[in-house]
Amino acid sequence: MGLLDILLGRTKPVAPDLDQLFALPSAAVTLQAAAGFTPTGRGAVCFATVEGAAFEQTHREVQALLDADTERTGPPVRLTQDDYGYSWLVSHRSPDELPQLVNDLHAVNSSMEVNGFGPQLLCSLAGFRDDGGRALALVYLYKRGTFYPFAPLPGAPQRRDNALELRVKAVLGNDLRIEPDLGRWFPVWGAPGL
């Protein structure tokens, strides 16, 4: 970025840093100790659906790669579409296999990026629950390289537990790169990995 860019207020977009996903297992330890949330073993990568043979081939390769894991427990990786028209590649692992789930999420993001579909990547998430049954997702924003917590209120359609989200933000501030702009903490209603 040059002097002219600075004077005109232009900024470069933040480059995605997929290695940030590998901070999730240590953040999960902090989250469990401080807030009582444990991994569910479910995670997902969200992307804008693209038509075409190249995208279908990439999707098949990613799914075959993840399904080839002979130590995988639970259902195979599956592709779903939400009510808003976005696609989700969902991975299920046992709750104690968060590092393997993170590897799955990283592999999906990396494969999409390498094959030229990085601009279609939106976010990745890992699901958590507490003893009271409250759901929480740690959402990674691909284009920002940051995380934010998303906590839907149980029994309340499309309402969030903002107090819990802010508490989780404070708890995980040293473990994850948290998105500072709260306006970018988008709700992921009905996310299949949650």
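Residues numbered from 1 in each chain as written. Predicted model: local features only at pLDDT ≥ 70, side-chain atom pairs only at ≥ 80, totals over all residues. Heavy atoms only, no water.

A. Structural context of unusual backbone geometry. You will see that Gln158, though not glycine, has its phi angle at about 50°, which is positive. Tracing the sequence through the fold places Gln158 in the loop between β6 (146–150) and α5 (162–172). Its relative accessible area of 52% is what places Gln158 among the exposed residues. (Helix = DSSP H or I, 4+ residues; strand = E, 2+ residues; numbered from the N terminus. Buried < 20%, exposed > 50% of the residue type's maximum accessible area, 1.4 Å probe, protein only.)

B. Focus on the packing of helix α2 (residues 24–35) against helix α4 (residues 98–114). Their axes nearest at 9 Å, the elements α2 and α4 cross at an angle of 135°. In this view, α2 runs oblique relative to α4, as classed from their interaxial angle. Handedness of the α2/α4 crossing: right-handed. Here Leu24, Pro25 and Ala28 of α2 lie close against α4, whose contacting residues are Leu98, Pro99 and Val102. Looking at the contact of α2 with α4 residue by residue, the classes come out as six nonpolar, no polar and no charged. (Axes fitted to C-alpha atoms, helices over the stretch in contact; angles between N-to-C directions. Parallel < 35°, antiparallel > 145°, perpendicular 65-115°, else oblique. Left-handed = near helix turned anticlockwise from the far one by under 90°. Contact = heavy atoms within 4.5 Å. Nonpolar A, V, L, I, M, F, W, Y, C, P; charged D, E, K, R; others polar.)

C. Just the layout of surface pockets, in detail. A volume near 380 Å³ is recorded for the largest pocket. Along the walls of the largest pocket sit 17 residues, with Leu122, Cys123, Leu141, Phe186 and Val188 positioned nearest its centre. Secondary structure elements with two or more residues in the lining of the largest pocket: β3 (86–92) and β4 (121–129). Along the lines of polarity and charge, the residues of the lining of the largest pocket split into 13 nonpolar, no polar and four charged. (1 Å grid on protein atoms, 1.4 Å probe; cavity = no way out; pocket = protein on both sides within 12 Å on 5 of 7 lines; lining within 4 Å. Points joined across faces, edges and corners; volume = space filled by probe spheres on them.)

D. Here's a closer look at empty space enclosed by the protein. For the structure on display, the rule yields one cavity of 30 Å³ or more. Taken as a whole, the largest cavity holds about 30 Å³ of empty space. Counting only elements with at least two residues in the lining of the largest cavity, the list comes to β3 and α4.

E. Examining the nonpolar core more closely. By size, the foremost hydrophobic cluster in this structure holds 56 residues, and its most contacted members are Leu31, Trp88, Phe128, Leu176 and Val188. For Trp88, the contacting residues outside a window of four places in its chain are Ala44, Val45, Cys46, Arg78, Leu79, Thr80, Asp82, Cys123, Leu125, Val188, Ala191 and Pro192. (Core = buried A, V, L, I, M, F, W, Y, C linked by side-chain atoms within 4.5 Å.)

F. Representation of the side chain of Asn109 within the structure. Looking at where Asn109 falls in the secondary structure, it is placed in helix α4. Only 2.8 Å separates the side chain of Asn109 from the backbone oxygen of Leu105, close enough to count as a polar contact. (Polar contact = N/O pair within 3.5 Å; in protein donor to acceptor, adjacent residues only side chain to side chain.)

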